[in-house]
Amino acid sequence: MPPSSPYRPEQALLTLGDGFYDAVKPADFPKHILRYRNDRVAETVGLETLTAAEWENAFARFEPLPGALPGPLALRYHGHQFRTYNPDLGDGRGFSFAQLREIGSGRLLEFGTKGSGQTPWSRQGDGRLTLKGGMREILATEMLEALGVNTSKTFSVFETGENLQRNDEPSPTRSSVMVRLSHSHVRIGSFQRHAFNQDTARIEELLDYCATWLMPDLQSQSGAARATAFLSNTVKNVAYMGAEWLAAGFVHGVLNSDNTNVMGESFDYGPWRFLPTLDPNFTAAYFDHSGLYCFGRQLEALFWNLQRLAECLLLVGDRDALIEALQSFTEHMDDALRRAYLRRLGLSSRGAENDDDLLRAWNGFLHSSQIGYEQAFFDWFGGSISATRATRSPESDKYKSADFDEFKAFLDKYDPAEGVTPDHPYFNRERPVTMLIDTVENLWAPIADADDWGPLQAQLADIAVMREAYGLAQR
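Cut-offs applied
- Residues numbered from 1 in each chain as written.
- Predicted model: local features only at pLDDT ≥ 70, side-chain atom pairs only at ≥ 80, totals over all residues.
- Heavy atoms only, no water.
- Helix = DSSP H or I, 4+ residues; strand = E, 2+ residues; numbered from the N terminus.
- Rg over C-alpha atoms; globule rule 2.2 N^0.38 Å.
- Buried < 20%, exposed > 50% of the residue type's maximum accessible area, 1.4 Å probe, protein only.
- Contact = heavy atoms within 4.5 Å.
- Areas by Shrake-Rupley, 256 points an atom, 1.4 Å probe, with all protein chains shown as cover.
- Lys, Arg positive; Asp, Glu negative; His and termini not counted.
- Charge placed at Lys NZ, Arg CZ, Asp CG, Glu CD.
- Disulfide = S-S within 2.5 Å.
- Axes fitted to C-alpha atoms, helices over the stretch in contact; angles between N-to-C directions.
- Parallel < 35°, antiparallel > 145°, perpendicular 65-115°, else oblique.
- Left-handed = near helix turned anticlockwise from the far one by under 90°.
- Nonpolar A, V, L, I, M, F, W, Y, C, P; charged D, E, K, R; others polar.
- Polar contact = N/O pair within 3.5 Å; in protein donor to acceptor, adjacent residues only side chain to side chain.
- Phe/Tyr/Trp six-rings, centres within 6.5 Å; stacked < 30°, edge-to-face > 60°.
- Lys NZ or Arg CZ within 6 Å of the ring centre and 35° of its normal.

Any details on the overall build of the chain? Residues and values, ideally.
What the chain contains, in helices and strands, is 14 helices and 13 strands. Over its C-alpha atoms the chain spans a radius of gyration of 22 Å, differing by no more than 12% from the 23 Å that the globule rule assigns to 475 residues. Along the first, second and third principal axes, the C-alpha atoms of the chain reach 65 × 60 × 50 Å. Burial statistics for the chain: of 475 residues in total, 59% are counted as buried. In the chain, 73% of the contacts between residues at least 6 apart in sequence involve partners at least 24 apart. Of the roughly 18600 Å² that the chain leaves accessible, carbon and sulfur atoms contribute 47%. Once the 46 positive and 64 negative side-chain charges of the chain are each reduced to a mean point, those two points are 2 Å apart.

Lay out the state of the cysteines in plain terms, naming residues and giving numbers.
Within the structure shown, the criterion is met by zero disulfides. The structure places no disulfide on C210, whose sulfur is separated from the nearest cysteine sulfur, that of C312, by 12 Å. Look at C312 and you get buried, because its relative accessible area is 4%.

Describe the packing of helix α9 (residues 352-369) against helix α12 (residues 402-411), with residues and values.
Running from amino to carboxyl end, α9 crosses α12 at an angle of 155°, the nearest separation of the two axes being 8 Å. The orientation of α9 relative to α12 falls into the category roughly antiparallel. Like other packed secondary-structure pairs, α9 and α12 cross with a definite hand, here left-handed. Contact residues: D357, L358, A361, W362, G364, F365 and S368 in α9; D403, F404, E406, F407, F410 and L411 in α12. Among the residues making up the contact of α9 with α12, the classes are represented as eight nonpolar, two polar and three charged.

Give a detailed account of the side chain of S369, specifying residues and quantitative values.
Along the chain, the position of S369 falls in helix α9. Polar contacts involving the side chain of S369 include one to the main-chain carbonyl oxygen of F365, which spans 2.7 Å.

How would you explain the packing of aromatic side chains if you had to name every residue and give the values?
Within the structure shown, the criterion is met by 40 aromatic pairs. Ring centres of F95 and F97 lie 6.3 Å apart, and the angle between their planes is 85°; this geometry places the pair in the edge-to-face category. For F95, a relative accessible area of 2% gives the class buried. Taking 4.7 Å as the distance between ring centres and 45° as the angle between the ring planes, the aromatic pair formed by W362 and F407 counts as tilted. A residue pair is termed long-range when its members are at least 10 positions apart, and W362 in helix α9 and F407 in helix α12 qualify at 45 residues. An aromatic cluster is built from F295, Y341, W362, F365, Y373, F377, W380, Y399, F404 and F407, whose rings are joined through pairwise contacts. Over the ring of F377 we find R344, and its NZ or CZ is 4.4 Å from the ring centre. Here the guanidinium or amino end of R389 rests over the ring plane of F378, the centre of that ring lying 5.1 Å away.

Given below as structure tokens:
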């Protein structure tokens, strides 16, 4: 296998002792039909030079990458699922199977799977992923990255030639195995497992791991001070992730504590949705009957999960200091919302007070007008420099309301962010790229009916253009 020269493997997970994972074997799939290969992301870790056969061996058969982990590891964790504690969790249809350094930044990255077979934590599930589920992971991660969300990257999807029975889609249905590239799979639930067992030593060991491999600023800290610093970092990371979701109009769907990682990186996309229009009560999961994880409650849900992490750290930290770290969530959230929304609008900041007024007026207009959520950001990217372009929008009548006049009065005082112009070819479109549920279904139908992947490839090409266009706004 010939990785490129910057390839740097690691075996960080092996520094954790017994009790954090189980060595497992991947499923032996009857077929390996490559459906998605992310060479753009592969370049960031030195794997873009793999041949087709080598890619298949690594990401469908899960043969060890050179110098990386010697075999797959199913991680152990607990978690609150819809606020009910579950001590029987863990990687049930996935595992971690390689760690390596990101070229340039040197960050530790980790390959994780979905649909790779049963583990000790499968809870009588089949350990498999539908092909439609694999396609939805591709669409979610590509779209979120383009919209500025810190997300895992879908790295590879193979169709695996099995027929799966599912209750929530027509069955039998086609199967797949997906590989994601993430900064970390350490979850709030990872700490909950050891707190549940009153295992102070393993909480300390997990903090050591985070300090050594994920949060180098913790290396100078020890004892209770390190626990507080770790919580402070995680609170900030998670606040920024939640704010980015809101600015993107994204609903994760299942914000259980085992689906919240400590690096504030969005991952594990099940019943996700994007907003058609601004609706705080919009939910993604058909089984979320109470709206616990609806669009407007996502920050509340994330903060609730962070409180559970703080409870775990009471075993090794100082109560008052941990409470203070938790209370920083509001400050980080306010800052994160300003940054995320201004980036989506392509504007430079005018200070917290002015930015808050602008965003209050913007969200008021979005809610009262019920304009297409993504259309509005598309029409006004860069602020007033897009005014002429906005008059050609199919939603231009919505820009004649009193609520829009209030927003426009604030907007006219703002300059575009560095590098932002309306001249990118993406802004010659009448409508932006969107990822509403009808879009997803329309992309799946030709695959299901005729094995036609052309519409999906065209959509991904459009998203790539959008990513470039919105990337003009400096983060």
